[in-house]
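Tertiary structure, described
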Number of protein chains: 2
Amino acid sequence: MLVTDGAGTERAASGLKAYEVVLEWVDARILDGRLSVGDTLPAERELARMLEVSRSAVREAVRTLEAQGVVRSAVGAGAAGGTMITAVPSGALGRLLRLHVALANFPLPDVLEVRVALETLSVRLAATHASPEHLAEMEALLETMEESGIDRERFNDCDTAFHVMLARAAGNHLARDFTAAIRESMRLPILDAFRTVGAWDEVADALRADHRTIFEAVRAGDADRAAVATEEHIRSAWRLITAD
Amino acid sequence: MLVTDGAGTERAASGLKAYEVVLEWVDARILDGRLSVGDTLPAERELARMLEVSRSAVREAVRTLEAQGVVRSAVGAGAAGGTMITAVPSGALGRLLRLHVALANFPLPDVLEVRVALETLSVRLAATHASPEHLAEMEALLETMEESGIDRERFNDCDTAFHVMLARAAGNHLARDFTAAIRESMRLPILDAFRTVGAWDEVADALRADHRTIFEAVRAGDADRAAVATEEHIRSAWRLITAD
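Quantities reported herein were computed from a predicted structural model and do not represent experimental measurements. (Residues numbered from 1 in each chain as written. Chains lettered and ligands numbered in written order. Predicted model: local features only at pLDDT ≥ 70, side-chain atom pairs only at ≥ 80, totals over all residues.)

1. Remarks on the interface of chain B and chain A
At the interface, 44 residues of chain B touch 47 residues of chain A. A per-element tally of the side of chain B that touches chain A places helix α4 (residues 90-104) of chain B first, with 11 residues. Tallied by class, the residues present in the side of chain B that touches chain A amount to 28 nonpolar, nine polar and seven charged. (Contact = placed C-beta atoms within 7 Å. Helix = DSSP H or I, 4+ residues; strand = E, 2+ residues; numbered from the N terminus. Nonpolar A, V, L, I, M, F, W, Y, C, P; charged D, E, K, R; others polar.)

2. Structural notes on unusual backbone geometry
A positive phi angle, near 55 degrees, is found at A:Glu52, a position not held by glycine. On the basis of neighbour count, A:Glu52 is assigned to the partly exposed category, with 13 C-beta atoms found within 10 Å. (Buried ≥ 20, exposed ≤ 12 C-beta atoms within 10 Å, placed from the backbone.)

3. Observations concerning the relation of the copies chain B and chain A
Here chain B sits on chain A after a turn of 178 degrees about the axis and a move of 0.1 Å along it, with an RMSD of 1.3 Å. Viewed as a symmetry operation, the transformation between the two copies matches a two-fold axis. Most of the interface of chain B is mirrored in chain A, where 98% of its interface residues again form contacts. (Least-squares fit on C-alpha atoms with pLDDT ≥ 70 in both.)

4. Considering the nonpolar core
By size, the foremost hydrophobic cluster in this structure holds 134 residues, and its most contacted members are A:Val22 and B:Val22. Contacts of A:Val22, omitting those with residues within four sequence positions, involve A:Leu47, A:Leu51, A:Val53, A:Ala57, A:Val58 and A:Ala61. (Core = buried A, V, L, I, M, F, W, Y, C linked by C-beta atoms within 7 Å.)

5. Remarks on the packing of helix α5 (residues 108-129) of chain A against helix α5 (residues 108-129) of chain B
Contact geometry for α5(A) and α5(B): axes closest at 9 Å, N-to-C directions at 145 degrees. Two packed elements cross with a definite hand, and for α5(A) against α5(B) that hand is right-handed. Residue-level contacts link A:Glu113, A:Val114, A:Ala117, A:Leu118 and A:Leu121 of α5(A) to B:Glu113, B:Val114, B:Ala117, B:Leu118 and B:Leu121 of α5(B). (Axes fitted to C-alpha atoms, helices over the stretch in contact; angles between N-to-C directions. Left-handed = near helix turned anticlockwise from the far one by under 90°.)

6. Let's talk about the confidence of the model for chain A
Residues and elements named next belong to chain A. Scored by pLDDT, chain A comes out at a mean of 85, with 87% of its residues at no less than 70. Averaged over each element, pLDDT in chain A is lowest for strand β1 (residues 2-4) (61) and highest for helix α6 (residues 132-145) (97). The ipTM value of the predicted complex is 0.74, and its pTM value is 0.75. (pLDDT = per-residue confidence, 0-100.)

7. A closer look at the environment of B:Glu139
With respect to the secondary-structure elements, B:Glu139 resides in helix α6 (residues 132-145). Residues B:Glu139 and B:Arg212, spaced 73 residues apart in sequence, show a C-alpha to C-alpha distance of 8.6 Å.

Here it is as structure tokens:
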């Protein structure tokens, strides 16, 4: 079933590389529910035999799935242990999104529209779900951002963390993961803008006031006001940092 | 700099596996802009020497990046060719999103809220951006759904494809990828609901009418009406298929 192409790469009759055959097999079983978190993949030798690929192709596929957070190899588990399906950690999703945005696959104005849609949902939910602990963490971040003389990088880190905390407080984990991944993917573009913006003190003051407004609306449990303030903040911050 | 752990895995002093050291090196350079689309990675031997890892660790890392669509290996390019940074294809992100949603066991009501937020954004954009080709494909899907005697699986496939086509017509690729990943990850739960719902003919008729209303609003370029119709459709379809 396998041929070796001019570059020495093992390929299936379908034209897929051998390790891609293994990836497709695993993906399909996850998507239709036959494999779920905690299930174990067949042993390397068995999978190679079933899919008619080499054992090294199976190993390559497992390494890829591992790097994506889809599976974890049980260390020292012996022949019966093997490779277990894990819930993709949201960090893996965030990494791929960051790379996408960095490689300019998504124009930043497109990212902005999706951010508005997801963050307004998140703050609406946060207004009704935020715990006292979430609110305390948000307020501590605001206080750090309000310190005089805070540098632009630290300001941006707190700004990112504030938005991620809002998403966490929403209680909706899918909204949280998407929102956090997008906001984190924008950390460096936003930091670049902060570094080059002319009137930094004015920009920082406007951002502080916006964050306070969002925070007070969430603390008051006012979902509509929080959503409006969030949309205005994201759009006006965007205009401020792209104004130069 | 490298030790080999009990399971025979090469690890750096930081505790990262050797291939993860290479991944981090590449990620950091993409994120800070030192590597961009079209740039070539150092040769395998050079990268192994610089990062003090084995050449097989470099190969593993390159395979992983390749599977993620971050790099492409130039086939038969010889020693001077090597591995080039590419714009991550959205397929790679879509795949990881689908796996994430399928494995993370997000409660379906949470997925519903995120769907409403993203699909209302997508149809708003589709109302102003859909091309005649997009509209023709959507209408063909609606006509298939309106055939008498269509079975539930085919109906669901067309339903999924209609929503994915709306997201494509939006012109915002990030919104499209998120929307499509969520809708595709719901294909099987929705099909399960279709299979067990009692009054199938009534459900199918209500869904057909909803899709027509959304389609006509998008075709008329009425973003507000399309957004309202989409939110009502997603929420009422949810009530219909969970009513039993």
